[in-house]
Amino acid sequence: MEPRLTDNLRLMFILFILFSKGSGENDLDLNFCGTWRHGQGSLSLIVNLSTGCSGISISANRSSLSIKGQITSQCRRSDVIPLEQFGLDSVKEINFCLYWEPVLDQLKLQFREKNFTLCWPSSLQDNCCTDLSSGPNTPEAPYGIINGMVKNDHLSYKTLMAYSFTGAATKCEKLCEEANRESTQVKMTEHPCARSFEMDMKKDFRGNNVTSPVTQGVSAQPAITVQIPPALKEAANNNSKVVFTFFTNNSLFQEGLQEVRILNDVVEIDVENEVITDLSEPIRIGFHHDVIPKTHSRKCVSWDTRKDPLQVTWLVDGCETRQQGANHTECLCNHLTYFSVLVQLEPRPVCHLLALTAITSLGCAVSVISCVALIIFLCRKSRRSKEQSITLHLGLAVSLAFLNLLFFLTGVLANVGGESVCAWVGAALHYSLLSSFAWMGIEVFHTFLLIYMVFRPSPKTYVWNLVGFVVPAVPVVILVAVGDIYGVKKVLPCDEPSDPYLMCWMKDTHKALLAHYFTNTTALPILVLSGIVMLFLVYREIRTRDEWRQNRVAFLSIWGLSILFGVTWSVTFLNFGHTFEVFNFIFCILNSFQGFFLMMRFYMLEWIRKQAGGSALGSSSTGSTRQHMLQAQEKS
């Protein structure tokens, strides 16, 4: 009994120490979260912040959430912000968090997934308001803040009108040194505090260069270099002081970015009490960074806090991008604010997207018309001939017509119909693609039967229709049942990542990516490989015949069969390295015009047959695959 009692007492003592430490220790920064229980009607955010270090209070009532106090070094703000414009008045309770970073003088409020910057990050000041401690509890109320907590420590589960915190002024430099020492211990290379420099533009100012601090142990070269032109002195009127603030690895600048990211290094250039725009000579900002692959686009961007003071919005307006190498980007900007480089992540952006879209749209339109003409041509031939190959060509023409029609309309439907329409159009487009692949594979297999199994009966027509039209529907139906596969897909251009091209296809989700790999990426290599092998077998079979020596016959045989077998889709596997832009154009031309090329194959073969008259060359009625696809009549 005595040892067990001793163990229990020891455990109670440890828990007491832990709880005392969790509730009594003050925090250098503030991370307060809670749930705002409000009433119906319009809601607003009231912000009243001034410099000092008396403390901060977060209060709430039926219609407003208020953040008031004195904890900032230089940030002053007094606003009433309607929340209706952000779509935050549709639910009775709203989860929120308030983040305070004293060394950056940065205050951020998060409503659900929306972030509001109440105080922008700034350079290191003299005093920081820190060591925040919770004040006395306020009375309960029907409307207010429930489940208030600091970091992971609950302060109250009740609905309280307000929470208050008091702080103490501390030298910012001391806090920064402590934070830097901690980051060094955990092997972080980024300096946790912003560094600021001031430059005085005298009367005879002719420009100057400023560089960011060099991080020890990382690189001997500064991450950012700024070249100030003489034009800034003229635009600054009577103010001659320019302030440069260099930020490293601040998560605020990355908020809201998914398919793109901002470099770790950001610079703010500011002339106090002046709004500088439209400089006659641009400011040159050089960013030295890790190597960025050529396949990832990068753009110089800026955040204009005057246009969007609450949310971080990176825009390319007013900046020109010059890539000086894989690890150096130069920005030429005509205004002052926050600057950085926006880097495109996967999916890879498409360069010359406008030209590629125009080519694809033209090709799809021509292919639809061509496939309709080919369908009419084949239907008329089927009345005079009972050859099974005509049915196969007809199936391929129908699937290609459907594929090109949907691809031609996908951009319009995505912009007009949105997710609801694209969920079905994307599924239909996927089905038509798989159906086209299936019919191309059928053409390959049927050619093999005609050449190497002449005396073996070919499968019935309904079997081919089952494989070509029904089997491709099976995976599409399964994916529709799984859900969250088809919808609006964004194709990002290299020159303007913020303005993507919308189309109906598979989404950019993990499930959709797996579906793409298991269907398209699996079927396409099989089709291309079998088509190339079949081309080789056909060539080996007919290369010794007299007709092969005619150049036009040889060309039409290989080219026509390449279109028929889907070999042109092999270009997609060449889309890498420095030549990927060239192969993008080749891929779009070959495959968007596939229906047109297919029609030309049959019409040219018909023309050759008529020119040849009754010769062996002209005896082919369909220009199909048997006996080098040109001369002998096909037999089913």
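Bear in mind the structure is a predicted one, so any value in this text is a computation, not a measurement. (Residues numbered from 1 in each chain as written. Predicted model: local features only at pLDDT ≥ 70, side-chain atom pairs only at ≥ 80, totals over all residues. Heavy atoms only, no water.)

### A few points about the nonpolar core
What counts, and what does not: We call a set of buried residues a nonpolar core when its members are Ala, Val, Leu, Ile, Met, Phe, Trp, Tyr or Cys and they connect through side-chain atoms within 4.5 Å of each other. Burial status follows relative accessibility: with a 1.4 Å probe on protein chains alone, a residue under 20% of its type maximum counts as buried, one over 50% as exposed, and anything between as partly exposed. Each helix is a run of DSSP H or I of at least 4 residues and each strand a run of E of at least 2, with the numbering of both proceeding from the N terminus.
Ranked by internal contacts, the top residues of the largest apolar core, which has 57 residues, are Leu 374, Met 506 and Leu 598. Per-element tally for this core: the top contributor is helix α5 (residues 388-452), with 19 residues. Counting residues in hydrophobic clusters, the runner-up holds 36 residues, among them Ile 67, Leu 88, Leu 109 and Val 150.

### Let's talk about the packing of helix α4 (residues 353-384) against α5
Think of two packed helices as two axes; the pair is described by the angle between the axes and how far apart they sit. What counts is decided by this rule: Interaxial angles span 0 to 180 degrees and are taken between N-to-C directions of axes, which are lines fitted to C-alpha atoms, for helices over the stretch in contact. To sort the angles, those under 35 degrees are grouped as roughly parallel, those over 145 as roughly antiparallel, those from 65 to 115 as roughly perpendicular, and the leftovers as oblique. With the far helix as reference, a near helix turned anticlockwise by less than a right angle produces a left-handed crossing, and one turned clockwise produces a right-handed crossing. Each residue receives one of three labels: charged for Asp, Glu, Lys and Arg, nonpolar for Ala, Val, Leu, Ile, Met, Phe, Trp, Tyr, Cys and Pro, and polar for the others, Gly being one of them.
Viewed as axis vectors pointing N to C, α4 and α5 meet at an angle of 155°, and their least axial separation amounts to 8 Å. On the basis of their axis angle, the class for α4 and α5 is roughly antiparallel. When you trace α4 past α5, the crossing you get is left-handed. Its residues assigned to classes, the contact of α4 with α5 comprises 17 nonpolar, six polar and one charged.

### A look at the pairing of strand β20 (residues 298-303)
To be explicit about the condition: Note: two strands are recorded as paired if DSSP finds a minimum of 2 bridges between them.
Among the six residues of β20, five are classified as buried, and the element is accordingly described as predominantly covered. Summarising the sheet, β20 and strand β23 (residues 338-344) pair through six bridges and their orientation is antiparallel. Along β23, the bridge assignment pairs Cys 300 with Val 341.

### Remarks on the state of the cysteines
The criterion, for reference: Criterion for a disulfide: a pair of cysteine sulfur atoms within 2.5 Å.
Counted according to the given criterion, the structure contains seven disulfides. Shown here is the disulfide that connects Cys 75 with Cys 119, its sulfur atoms set 2.1 Å apart. Measuring handedness by torsion sign, the sulfur bridge of Cys 75 and Cys 119 sits at about -80° and is left-handed. Of this pair, Cys 75 sits in the loop between β4 (64-72) and β5 (77-82) while Cys 119 sits in strand β8 (residues 114-119), and the two are 44 residues apart along the sequence. With respect to class, Cys 75 is no different from Cys 119; both count as buried. The disulfide bridge from Cys 128 ends at Cys 172, spanning 1.9 Å between sulfur atoms.

### Section: the sheet that holds β5
The strand order β5-β2-β4-β3-β12-β9 describes an open sheet built from six strands, whose pairing is mixed. At either margin of the open sheet sits one strand with a lone partner, and together these are β5 and β9 (127-134). Taking the axes of each pair of neighbouring strands and ignoring which way they run, one obtains an average angle of 15° across the sheet. As judged from the six bridges shared by strand β2 (residues 44-51) and β5, these two strands associate in the antiparallel manner. Counterpart to Asn 48 in the pairing with β5 is Ser 78.

### Some thoughts on the environment of Glu 268
Put simply, the rule is: By the convention used here, residues are in contact when the closest approach between their heavy atoms is within 4.5 Å.
The topology assignment puts Glu 268 in strand β18 (residues 265-271). Among the residues examined, Glu 268 registers a relative accessible area of 16% and is labelled buried. Sequence separation of Glu 268 and Tyr 338 is 70 residues, and the distance between their C-alpha atoms is 4.2 Å. Excluding anything up to four places from it in sequence, Glu 268 contacts Pro 121, Val 243, Phe 244, Thr 245, Phe 247, Thr 337 and Tyr 338.

### Quick notes on the side chain of Asn 520
Turning to its location among the elements, Asn 520 is positioned in helix α9 (residues 520-542). Excluding residues that lie within four positions of it along the chain, Asn 520 makes contacts with His 430, Leu 433, Leu 434, Trp 505, Met 506, Ala 515 and Pro 525.

### Details of the packing of aromatic side chains
What counts, and what does not: Each pair of aromatic rings taken from Phe, Tyr and Trp, with Trp reduced to its six-membered ring, is defined by centres within 6.5 Å and is described as stacked if the planes are under 30 degrees apart, edge-to-face if over 60, and tilted in the remaining cases.
Per the stated rule, a full pass over the model turns up 16 aromatic pairs. Residues Phe 437 and Trp 569 carry aromatic rings whose centres are separated by 5.2 Å and whose planes lie at 90° to one another, so their mutual orientation is edge-to-face. Here the residue Phe 437 occupies a position in helix α5, and Trp 569 occupies one in the loop between α10 (551-565) and α11 (580-592), the gap between them amounting to 132 residues. The burial state of Phe 437 is the same as that of Trp 569; both residues are buried.

### Description of a nonpolar patch on the surface
Quick reminder of the rule: Within the patch definition used here, like charges are joined within 9 Å and nonpolar side chains (Val, Leu, Ile, Met, Phe, Trp, Tyr) within 5 Å, considering only residues with over 30% relative accessible area and no salt bridge. Computed with the Shrake-Rupley method and a 1.4 Å probe, the accessible areas treat only the protein chains shown as cover for residues. Any Lys or Arg side-chain nitrogen located within 4 Å of an Asp or Glu carboxyl oxygen qualifies as a salt bridge.
A surface patch of nonpolar side chains, about 440 Å² in accessible area, is lined by Val 398, Leu 466, Val 467, Phe 469, Val 470 and Val 471. A total of four residues in the nonpolar patch trace back to one element, the largest contributor, which is helix α6 (residues 461-470). By the secondary structure assignment, Val 467 is in helix α6.

### Here's the deal with the confidence of the model for the protein
Stated formally: For every residue, the predictor reports its confidence as pLDDT, a number between 0 and 100.
For the protein, the average pLDDT comes to 80, and 81% of its residues sit at 70 or higher. Within the protein, the lowest mean pLDDT, 39, falls on helix α1 (residues 2-24), and the highest, 95, falls on helix α7 (residues 473-482). For residues 1-26, every residue scores under 50 in pLDDT, and the model assigns this stretch five contacts once sequence neighbours within four places are set aside. Counted against residues more than four places away or in other chains, residues 185-191, with its pLDDT under 50, gives ten contacts.

### Some remarks on the pattern of salt bridges
Counted by the stated rule, this structure contains ten salt bridges. A salt bridge links Glu 93 to Arg 37; the nearest nitrogen and oxygen atoms lie 3.0 Å apart. Taken together, the residues Glu 93 in strand β6 (residues 93-101) and Arg 37 in strand β1 (residues 30-37) connect sequence positions 56 residues apart. Residues Asp 484 and Lys 507 are paired through a salt bridge, measuring 2.9 Å at the closest nitrogen-oxygen approach. In this pair, Asp 484 sits in the loop between α7 and β24 (486-491) while Lys 507 sits in the loop between β25 (501-506) and α8 (510-518), placing the two residues 23 residues apart along the sequence.

### Examining the sheet that holds strand β22 (residues 328-333)
With antiparallel pairing, the five strands of this open sheet are ordered in space as β14-β15-β19-β22-β21. Each end of this open sheet is capped by a strand with a single partner; those strands are β14 (208-211) and β21 (319-325). For this sheet, the mean inter-axis angle between neighbouring strands, taken without regard to orientation, is 20°. Inspection of the sheet shows strand β15 (residues 224-228) paired to strand β19 (residues 283-288) by four bridges, in the antiparallel sense.

### A look at unusual backbone geometry
The phi torsion at Asp 131 lies on the positive side, around 55°, for a residue other than glycine. Residue classification places Asp 131 among the partly exposed residues on the basis of a relative accessible area of 34%.

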